[in-house]
Each structure stands twice: as C-alpha cells, then as structure tokens.
Amino acid sequence: MSTDFTVLVVDDEKHNRQLLTELLQHECRLVLAKNGEQALARASEQQPDLILLDVVMPDMSGHAVIRQLKEDDGTRDIPVIFITALDSFDDQETGLELGAVDYIAKPFHPPIVRARVRNHLRLVEQRRLLEQLAMLDNLTGIPNRRRFVETLAQEWRRCLRHALPLSLIVADIDHFKRINDTYGHAQGDDALRSVAQALKWAVHRPGDFVCRYGGEEFVLLLPGVDADGAFAFADCVRQHIATMPLQTANGKPLQLTLSLGGASHVPTVPDVSDALFLAADRALYDAKHAGRNRVVWAPPRADGPGTRRLAGPGAPAMPR
Ligand code: GH3
Ligand code: MG
C-alpha cells in the first residue's frame, strides 16, 4: 500500500494512538488528533484519505465529530471508520447510519485493523482513478470540459489571491466538417488527436492547461499571462497548427487551421465570472467571420471596442 495516503487517527487515549501508529506507520502517512476539535481542524486542513475515529471521547463524541464532517463540503466525502469499545448492534447501527463506512471494536486485533484500513484505502485509490478518468476526454486523452470547469475555478482563485491576469483561449478547427466529409470520420478522429497532442505540447508551463471542450473546440488557460503574452502565444499555436502536416490514409498529407479567440481578466471576485469565457468565445466568432485561421483578442473590459487585436494571414495591423 502506498504511503501517498494519509490517515487521520482520532483517539483521546495516548496509548491507543501509539498502538495504531505502530500498526499503520508502514501503510500510510499518519496524522493524529486527541479530541474532536483537533480532528475537525486536521480533517479540513490535511484532507486525509481515511479517518479512524474513536466514539467515546470527552468534550465531543465521535458521533458529534462525524456529524460535523458530513455537514462540511470539504470533508463530507472522507471515509470514516469508527474504532471503539462500544460494540453493541445499536452502537454499530448508529455509527453506520451517521455515515461511517466501517466499524472496528476495541480491543482491536491488529491484523484485522490493518486489513480493514488496507481495504478502504484500496477503495479510495479506485475512486480516485475513476475520478481522474471521468475528467479525461475519451478520444484524445487530454482533459475534458468537466476538468476545465474545475481548473478554471482553481486558477481563477489563485489569480485573485495574487492579483494576476488570467488568459483564456477558445480554439476551433476550421471547416472540420469538410475533413469528415472528405476523408471519413476515422480520419477526422485522428486529426482531433493530432491537434490535441500539438496543443498539449504547446502548453508546457506549470499552471497552463488545455482541454477538449467539445467537438472540434479546445480551451486553453494561461494563468499569470497578460493579454499581450497570451495573444502572442495564441498566434504561435495558430502558426504551428497551420504548418503541421497530418498524415491521411490515402498518403496525401492534410493541412488544418485553427481560429482562436482570447480574453484576459484580472479576477476581482471569488466566483468565476462567465464574462471571461463569453468574451473569448465572442472573439472566436469574430475570428471565424474575419476569414478563419486567425486570432482575435477581446478588448480589455475598461477600454471597450476599438482595441480589438487580430493576427492571421492578411490581417490588418490593429490599433493597440
Ligand atoms: P467552422 O470553420 O465554422 O468551425 O466550420 P466546421 O466545419 O469546423 O464547424 P461545424 O460546426 O459546421 O462542424 C463541426 C464538425 O465537427 C461536425 C461534427 O460532426 C464534427 N465533429 C464533432 N466531434 C467530432 C468527433 O469526435 N469526431 C469527428 N470525426 N468529428 C467530430
Ligand atoms: Mg469548426
């Protein structure tokens, strides 16, 4: 079992905490708490993968602790095993009804405690794996729209904390329908995979992110990058895709282009504003209408129209 896992052991008796530490120290990283208050604080700070919770403790009982854990969005999903001397059926029933995943009676039999902890950590591992898979796009293997929503919220908050700009680019393959119609759907799928890989390769700074938003549309996030930097980056991506030959089944290389719309905001409120995505999407719409294979950047919010920038073949130099 991997020591990547963190288990919070909550017991008011030092002897029990020591016993469980000896028993589990090679299975996982251990965090200890000696009362309910400490348990709640450590659960929320350390986000353990599993909690072993004593029921009978002075001040706050294990039942009161689990109730509070289940009321808090940040700790609700952490599995809890009650570990206690109260082992009547009624006690077990109460514990399980409060949301515990298992129940271990004291005095505990060490191999059973270890085996149960291992089993529950294995379930945690499987759940994590499923969660990761659910965040990936089936066809291209890059993150999907669900993951994007989560990442946008995280990066938005990070940029808010550090007063940094957040740039968002929406990229859409031009005339993609023609590729499906001309070469077939399987070739279209291959083209989507190649574009996804090229975009993944392009975003290499920590914090940079790319996802397949849907169909032939991709979204890139560049935290800490202002409009100038992100605009230049988007145009590099455009040029790279426009010169990247894709192999086809009939041997004739195929060329694709992207239209890209971008916007940059410095977040000022904790909740993600739709305005960032909408501004980038609107700019993408303009890039399509301006002839495709180009980048259009949304005007800064305060400046209004007239400062829109555009890059692409034959694009006029736009006022800055
Ligand atoms: P535009 O330049 O205006 O974006 O034109 P377009 O042809 O790219 O856009 P349109 O919305 O008309 O067509 C998108 C096409 O993308 C139609 C759809 O069948 C295809 N598509 C969406 N998802 C997939 C996919 O997973 N695989 C394949 N092969 N095609 C897909
Ligand atoms: Mg398209």
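Residues numbered from 1 in each chain as written. Chains lettered and ligands numbered in written order. Predicted model: local features only at pLDDT ≥ 70, side-chain atom pairs only at ≥ 80, totals over all residues. Heavy atoms only, no water.

The name recorded for the chain in an unreviewed UniProt entry is diguanylate cyclase, from Thauera linaloolentis.

Trainee: Account for the domain arrangement of the chain, with residues named and values stated.
Mentor: We note that the domain assignment places domain 1 (6–132) and domain 2 (145–311) within the chain. A separation of 44 Å is found between the C-alpha centroids of domain 1 and domain 2. (Domains from an automatic or database assignment.)

Trainee: Please give an account of the environment of Pro58 that cites residues and values.
Mentor: Relative to the helices and strands, Pro58 is located in the loop between β3 (50–53) and α3 (62–71). Residues Pro58 and Gly36 lie 22 residues apart in sequence; the distance between their C-alpha atoms is 8.6 Å. (Helix = DSSP H or I, 4+ residues; strand = E, 2+ residues; numbered from the N terminus.)

Trainee: Got a sec to walk through the site of ligand 1? Specific residues and values, please.
Mentor: Lining the immediate environment of ligand 1, one finds 17 residues, of which His175, Phe176, Asp189, Arg212 and Arg292 sit closest. Measuring from a nitrogen atom of ligand 1, one finds a backbone N or O atom of His185 at 3.2 Å. Between ligand 1 and the protein, one listed contact pairs an oxygen atom with a side-chain N or O atom of Lys288 at 2.8 Å. Elements supplying a minimum of two residues to the shell around ligand 1: β6 (166–173), α7 (176–183) and α8 (185–202). Ranked by residues supplied to the shell around ligand 1, first place goes to α8 with four residues. (Near = heavy atom within 4 Å. Polar contact = N/O pair within 3.5 Å; in protein donor to acceptor, adjacent residues only side chain to side chain.)

Trainee: Go over the coordination of the magnesium ion (ligand 2), please, and point to the residues and values.
Mentor: Around the magnesium ion (ligand 2), the protein supplies Asp172 (OD), Ile173 (O) and Glu216 (OE) as donor atoms, at distances of 1.9 to 2.3 Å. Residue classification places Asp172 among the buried residues on the basis of a relative accessible area of 10%. Exposure remark for Glu216: the relative accessible area of 22% places this residue in the partly exposed category. (Donors = N, O, S within 2.8 Å, 3.2 Å for Na, K, Ca; no water. Buried < 20%, exposed > 50% of the residue type's maximum accessible area, 1.4 Å probe, protein only.)

Trainee: Report on the layout of surface pockets, specifying residues and quantitative values.
Mentor: Roughly 590 Å³ of internal volume is contained in the largest pocket. Among the elements of the structure, α5 (110–134) and α6 (145–162) are those that each provide at least two residues to the lining of the largest pocket. With five residues, the top contributor of residues to the lining of the largest pocket is α5. Split by residue class, the lining of the largest pocket holds six nonpolar, four polar and nine charged. (1 Å grid on protein atoms, 1.4 Å probe; cavity = no way out; pocket = protein on both sides within 12 Å on 5 of 7 lines; lining within 4 Å. Points joined across faces, edges and corners; volume = space filled by probe spheres on them. Nonpolar A, V, L, I, M, F, W, Y, C, P; charged D, E, K, R; others polar.)

Trainee: A description of helix α2 (residues 36–46) should follow, citing residues and the corresponding values.
Mentor: Among the residues of α2, Gly36, Ala39, Leu40 and Ala43 are the ones counted as buried. Taken around the axis of α2, the buried residues stretch over an arc of 95°, which confines them to a single face. Exposed side of α2, more than 90 degrees from the buried face: Glu37 and Glu45 are the residues found there. Structurally, α2 contributes buried residues whose contacts are with β1 (6–10), β2 (29–33), β3 and α3. Capping of α2 at its N-terminal end is provided by Asn35; its side-chain oxygen lies 3.3 Å from the backbone amide nitrogen of Glu37. Trailing α2 by a residue or two, Gln47 shows a phi angle of about 45°, which is positive. (Arc of directions from axis to C-beta. Contact = heavy atoms within 4.5 Å.)

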